[in-house]
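Chain and residue survey
Okay, here's what each chain looks like letter by letter:
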Amino acid sequence: MTQANPSNTAQALPLPEGVPGIVADWSSDQRAFKNVPWGKAMMWIFLLSDTFIFSSFLISYMTVRMSTTEPWPNPSEVFALTLFGKKIPLILIAIMTFILISSSGTMAMAVKFGYEKNRRMTFILLLITAALGASFVGMQAFEWTKLIFEEGVRPWGNPMGAAQFGSVFFMITGFHGTHVSIGVIFLIIVAIKVIRGDLDHERPGFLTGRKGKYEIVEIMGLYWHFVDLVWVFIFAVFYLW
Amino acid sequence: MAHVEGQQHDVQGQQHPIGIYLKIWGLLFVLSTASYLVDYFHFQGYLRWFLIIVFMLLKAGLIVAVFMHMIWERLALMYAILVPTLLLMVLLGIGALEADYTFFTRGVFFVRGLL
């Protein structure tokens, strides 16, 4: 805790709380985000930019849905599945939602055990998170297959109504699914680093060469929770609206 | 209180009891079930839209605040990330105006075609 760290300028000045704190932090002629590792601040800024990308998609979706003169296909029926001889609306999407939320829960706990330097628990929870993420992507692949081959939905049209339905659907869920897939890959990478002890022994990373620290688990977590966050919005405005 | 807690652990990072994560997890399950039931029971119109938006914002808020530790961060970071997202409301408004106009011109075009 008391090791000399010339880049740790956070303690050089008193840290007031509240609005004076914002002014003091930003005008300190030092780094603006005190108490936060640079990687975490950068991840937050990346997530802010990603928020704008997904918001642009969702707002475009709103404009095409509002402006089309064709009837919009009813997602409740399009995404219904027949289970046990009964047609249940949106059931697959609901299951996918619960899976993603559960993966967020295990991720949050992985971060906690990471800071406690509990290598084994962090590793297990990260792997469970990755497995849940992978099953989410698998279900999405199933959903896409069903929509393309059984319902005949294409990016340029579909038998149920407005052509924009398909383009919006593939664009938004495709982009989200890509984020989940990238997340799964990085979860596995972080899990391997944890179990090998790279973070305990501060071994340099393969990409940036910076010392391994448990804060990377939290940074990974921010990304993963963001993926879940985006799904909350997609689920509400695309599937339920 | 929350800020004091965050500061004490600034060297080791964010550390909070596991119970809070489990509680939020449970709450997110309840809210997701509730938003699914909105569709299952076929609520329509303004009630449906109101409920969808409320559940969506509650879930988003819980994830950002607790899972992403935003309530324990200093205000400088909180504002730097959350305030810019408000700009999206402007884009939303412009999009809605534009969409209404497009719908109107399409209506005019199709009506002319019928005459």
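Definitions and cut-offs
Residues numbered from 1 in each chain as written. Chains lettered and ligands numbered in written order. Predicted model: local features only at pLDDT ≥ 70, side-chain atom pairs only at ≥ 80, totals over all residues. Core = buried A, V, L, I, M, F, W, Y, C linked by C-beta atoms within 7 Å. Buried ≥ 20, exposed ≤ 12 C-beta atoms within 10 Å, placed from the backbone. Helix = DSSP H or I, 4+ residues; strand = E, 2+ residues; numbered from the N terminus. Domains from an automatic or database assignment. Contact = placed C-beta atoms within 7 Å. pLDDT = per-residue confidence, 0-100.

**Some thoughts on the nonpolar core**
Counting 74 residues, the largest nonpolar core has Ala110(A), Leu126(A), Leu187(A), Val190(A), Val217(A) and Phe235(A) as its most contacted members. Breaking this core down by element, the ones donating at least two residues are helix H2 (38-67), helix H4 (91-115), helix H5 (119-150), helix H6 (164-196) and helix H7 (215-240) of chain A together with helix H2 (18-40), helix H3 (45-67) and helix H4 (75-85) of chain B. The dominant element in this core, judged by the number of residues it contributes, is H7(A), at 19 residues. Three or more residues apiece are contributed to this core by two domains, here domain 1 (1-73) and domain 2 (75-115) of chain B. If we ignore the near neighbours within four places in the chain, the residues touching Leu187(A) are Leu126(A), Thr129(A), Ala130(A), Gly133(A), Met220(A) and Trp224(A).

**A look at the confidence of the model for chain B**
Residues and elements named next belong to chain B. With 90% of its residues at a pLDDT of at least 70, chain B reaches an overall mean of 87. By mean pLDDT, the top-scoring element of chain B is H3 (94), and the lowest-scoring one is helix H1 (residues 2-8) (43). Scored below 50 in pLDDT, residues 1-11 makes 12 contacts in the model with residues more than four places away or belonging to other chains. The complex prediction reports pTM at 0.89, with the ipTM value standing at 0.88.

**A look at the environment of Phe186(A)**
Residue and element names in this part refer to chain A. Along the chain, Phe186 falls in helix H6. Taking the C-beta count within 10 Å as the criterion, Phe186 has 17 such neighbours and is therefore assigned partly exposed. Considered as a pair, Phe186 and Tyr115 are 71 residues apart in the sequence and their alpha carbons are 19 Å apart.

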